[in-house]
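Given next are the chains, with one letter for each unit.
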Amino acid sequence: MKMRRERRAIAMNIAEQMWESERANDLAIASTARLLATALDARIQLRAGARIGHEAVEALTLTINQQTASRRSLLEAHDVLNDIKGIAVSADEDFGGLGDKEVKKILGADVTPLRRAS
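What you see is a predicted model, and the numbers here were worked out from it, not measured in a lab.

A. Structural detail: the overall build of the protein. Within the protein one finds 3 helices and 0 strands. A buried classification covers 17% of the 118 residues belonging to the protein. The long-range fraction of contacts in the protein, counting pairs at least 24 apart against all pairs at least 6 apart in sequence, stands at 68%. Per element, the accessible surface of the protein, about 8,900 Å² overall, is 57% carbon and sulfur.

Listed below in structure tokens is the structure:
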């Protein structure tokens, strides 16, 4: 029983760190996308030619592309960790028997826990 609790605690620690990384990555993509939109809006408001700031637009789009590739890698790591028996929390044991309400208290009210489809 103690070993099971320890494994569940380890799995939750890994899961929380994964969610934190995924959330940070999503926030970075969203922030860069807002920066790109703001730069384009500013060019339009200033009635500047399309060539003005084009290098910045290209750099920001490349950044978003790289951030998206990073997100894909995180999702792949997430899948691998979910597949490791004895470490990942199985769908039957989701969060150690906690319901969505309890999970939201732990992770934050704005978080909807994702469940892996089997």
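B. Expanded view of the pattern of salt bridges. This structure, assessed with the given rule, holds 1 salt bridge. Of the charged contacts in the structure, one is a salt bridge between aspartate 26 and arginine 71, with a shortest N-O distance of 2.5 Å. In this pair, aspartate 26 sits in helix α1 (residues 2–45) while arginine 71 sits in helix α2 (residues 54–83), placing the two residues 45 residues apart along the sequence. Of the residues examined, arginine 71 reaches a relative accessible area of 33% and is grouped as partly exposed.

C. Spatial organisation of the environment of glutamate 22. For glutamate 22, the position within the fold is in helix α1. Under the relative-accessibility criterion, glutamate 22 is labelled buried at 13%.

D. Layout of unusual backbone geometry. Positive phi is not limited to glycine here, since arginine 47 has a value of about 55°. Inspection of the secondary structure puts arginine 47 in the loop between α1 and α2. Exposure remark for arginine 47: the relative accessible area of 77% places this residue in the exposed category.

E. Region of interest: α1. The terminal C-alpha atoms of α1 lie 63 Å apart, and with 44 residues this matches the ideal 64 Å at 1.5 Å per residue to within 8%. Along α1, the residues that are buried comprise Ala11, Met12, Ala15, Met18, Glu22, Asn25, Ile29, Thr32 and Leu36. Contact partners of the buried residues in α1: α2. Arginine 47, located one to two residues past α1, shows a positive phi value of around 55°.

F. α2, seen in detail. Over its 30 residues, α2 extends 44 Å from the first C-alpha to the last, a length consistent with the 44 Å expected when each residue adds 1.5 Å. Buried within α2 are the following residues: Leu60, Ile64, Gln67, Leu74 and His78. Here the buried face of α2 lies against α1.

G. Representation of the packing of α1 against α2 in the model. As a packed pair, α1 and α2 sit with axes 10 Å apart at the nearest point and diverge in direction by 165°. With respect to α2, the element α1 is oriented roughly antiparallel. Once α1 is placed against α2, the crossing between them reads as left-handed. Class assignment for the residues of the contact of α1 with α2 results in 16 nonpolar, 9 polar and 3 charged.

The rules behind these values
- Residues numbered from 1 in each chain as written.
- Predicted model: local features only at pLDDT ≥ 70, side-chain atom pairs only at ≥ 80, totals over all residues.
- Heavy atoms only, no water.
- Helix = DSSP H or I, 4+ residues; strand = E, 2+ residues; numbered from the N terminus.
- Buried < 20%, exposed > 50% of the residue type's maximum accessible area, 1.4 Å probe, protein only.
- Contact = heavy atoms within 4.5 Å.
- Areas by Shrake-Rupley, 256 points an atom, 1.4 Å probe, with all protein chains shown as cover.
- Salt bridge = Lys/Arg side-chain N within 4 Å of Asp/Glu carboxyl O.
- Expected span 1.5 Å × (residues − 1).
- Axes fitted to C-alpha atoms, helices over the stretch in contact; angles between N-to-C directions.
- Parallel < 35°, antiparallel > 145°, perpendicular 65-115°, else oblique.
- Left-handed = near helix turned anticlockwise from the far one by under 90°.
- Nonpolar A, V, L, I, M, F, W, Y, C, P; charged D, E, K, R; others polar.

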